[in-house]
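Chain by chain, the residues:
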Amino acid sequence: MEGPSSRLPATRDGALLLAGRRVSGGDGECERDMKTHFRVCRFIIETGVKLGMRSVPVATACVLYHRFFERVSIHAYEPYLVAMSCVYLAGKVEEQHIRTRDIINVSHRYFNSGSAPLECDKEFWDLRDSVVQCELLILRQLNFHVSFEHPHKYLLHYLLSVKSLVNRHAWSRTPVAETSWALLRDCYHGAMCIRHTPQHIAIATLHLALNSYGVELPVGEKEWWQVLCADVTKADIDAVISDLLQLYDMEAKCI
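Residues numbered from 1 in each chain as written. Predicted model: local features only at pLDDT ≥ 70, side-chain atom pairs only at ≥ 80, totals over all residues. Heavy atoms only, no water.

### Things to note about helix H3 (residues 79-93)
Here is the rule we go by: For the purposes of this entry, the term helix denotes a DSSP run of H or I that reaches at least four residues, the term strand denotes a run of E that reaches at least two, and both are numbered from the N terminus. A helix is expected to reach a length of 1.5 Å times the quantity of its residues less one. Counting of polar contacts relies on pairs of N or O atoms within 3.5 Å, with two restrictions inside protein: one atom must be capable of donating a hydrogen and the other of accepting it, and residues adjacent in sequence are counted only when both atoms are side-chain atoms.
Taking 1.5 Å per residue, 15 residues should reach 21 Å; H3 reaches 20 Å between its end C-alpha atoms and fits that length. Sitting at the head of H3, Glu 78 places a side-chain oxygen 3.0 Å from the backbone nitrogen of Tyr 80.

Structure, rendered in structure tokens:
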């Protein structure tokens, strides 16, 4: 099974090195591409955590990555270099600026556990230039539309609303909130985070968390999720959950 390289993405004279990637074709190659996207998004999320980034900037970095490769082939650009640039750009978009040096060093440690920080030699400066050039490429590909609405604010609102309907002792015994946030974070490992609306993702992750712990809500004329989000249907919820479960299946294949 292929995995990330044991070193940072290669560069030459400050440019992206396109290492003879083949044109995609066939179901087998499509699955390999999905595995690559999953691994790279895991890299974005883990790198973001190590850099002390908040949840929303990390989510923005993942969306930037998915939006970029929605427009270009993964076989045309080095995905981990694109990911590093997405982290850098997301920090600017969400006003949590991260230095390129920190991104490069944390990424280097990700691929080379326990290693010392990179020296400020030609390789470092070439890579830094590549990160900056790739940032400009992402901006152009996305037509500078780099501000996104995320499910986080909706999930917070829905959790507070549902909590008020549940017996407080039953709520305290089950980690519904923690599980909902974890499920939401996992949604960003795949393109499902850009295929569904933020409200539907928030409702679906909460719905799955409640069902997982058998937490029942009072029955009324409408389902609780219809009250909180008027335009969501059971089919919408099922579609989000189905995509999320496919991501967990992908995770098992990537181990």
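### Here's the deal with the side chain of His 196
The cut-off we apply is this: Any residue under 20% of the maximum accessible area for its type is buried, any over 50% is exposed, and the rest in between are partly exposed; the area is computed with a 1.4 Å probe on protein chains only. What makes two residues a contact is simply this: any of their non-hydrogen atoms within 4.5 Å.
Here His 196 shows up in the loop between helix H9 (192-195) and helix H10 (198-212). Using a relative accessible area of 18% as the deciding quantity, one classes His 196 as buried. A polar atom in the side chain of His 196 sits 2.7 Å from the side chain of Asp 243. Once you skip the residues sitting within four places of it in the chain, His 196 turns out to touch Ile 201, Ala 239, Val 240 and Asp 243.

### Digging into helix H8 (residues 176-187)
An α-helical turn contains 3.6 residues, so any two residues separated by three or four positions project in the same direction. In a regular helix each residue adds 1.5 Å, so twelve residues correspond to 16 Å; H8 covers 17 Å between its end C-alpha atoms and thus fits that length. Next to the buried residues of H8 lie helix H6 (152-163), helix H7 (168-173), H9, H10 and helix H12 (234-254).

### Some thoughts on the nonpolar core
As a reminder, the rule being used: Nonpolar cores were defined as sets of buried Ala, Val, Leu, Ile, Met, Phe, Trp, Tyr and Cys residues, with membership established by side-chain atoms within 4.5 Å.
The biggest cluster of nonpolar side chains holds 82 residues, and the ones touching the most others in it are Tyr 65, Val 82 and Leu 206. By residue number, the principal contributor to this core is H3, which donates ten residues. In contact with Leu 206, not counting residues within four places along its chain, are Leu 155, Tyr 158, Leu 159, Val 162, Val 176, Ser 180 and Trp 224.

### Comments concerning the pattern of salt bridges
Let me state the cut-off plainly: By salt bridge we mean one thing: a side-chain nitrogen of Lys or Arg within 4 Å of a carboxyl oxygen of Asp or Glu.
Within the structure shown, the criterion is met by 13 salt bridges. For Arg 185, the salt bridge identified is with Asp 186, shortest N-O distance 3.6 Å. Connected through shared salt-bridge partners, Glu 31, Lys 35, Asp 249 and Lys 253 make up one network.

### Some details on the packing of aromatic side chains
Threshold: Pairing of aromatic rings covers Phe, Tyr and the six-membered ring of Trp, with a centre-to-centre limit of 6.5 Å; geometry is then stacked below 30 degrees between planes, edge-to-face above 60, and tilted otherwise.
Using the criterion set out here, one finds ten aromatic pairs in the structure. A centroid spacing of 5.2 Å and a plane angle of 80° characterise the contact between Tyr 80 and Phe 111, whose relative ring orientation is edge-to-face. One end of the pair, Tyr 80, is in helix H3; the other, Phe 111, is in helix H4 (residues 100-111), and 31 residues separate them in sequence. An identical accessibility class is assigned to Tyr 80 and Phe 111; each is buried. Members of the aromatic cluster, joined through ring pairs, are Phe 43, Tyr 80, Tyr 110 and Phe 111.

### Examining the packing of H3 against helix H5 (residues 122-141)
Defined as follows: Fitting a line to C-alpha atoms yields each axis, with helices limited to the stretch in contact; the angle taken between N-to-C directions then spans 0 to 180 degrees. Throughout, the term roughly parallel applies to angles under 35 degrees, roughly antiparallel to angles over 145, roughly perpendicular to angles from 65 to 115, and oblique to all others. Residue polarity follows a fixed list, in which Ala, Val, Leu, Ile, Met, Phe, Trp, Tyr, Cys and Pro are nonpolar, Asp, Glu, Lys and Arg are charged, and the others, Gly among them, are polar.
As a packed pair, H3 and H5 sit with axes 8 Å apart at the nearest point and diverge in direction by 70°. With respect to H5, the axis of H3 lies roughly perpendicular. Where H3 approaches H5, its residues Leu 81, Val 82, Met 84, Ser 85, Cys 86, Tyr 88, Leu 89 and Lys 92 are matched on the opposing element by Leu 127, Ser 130, Val 131, Cys 134, Glu 135, Ile 138 and Leu 139. When its residues are assigned to classes, the contact of H3 with H5 shows eleven nonpolar, two polar and two charged.

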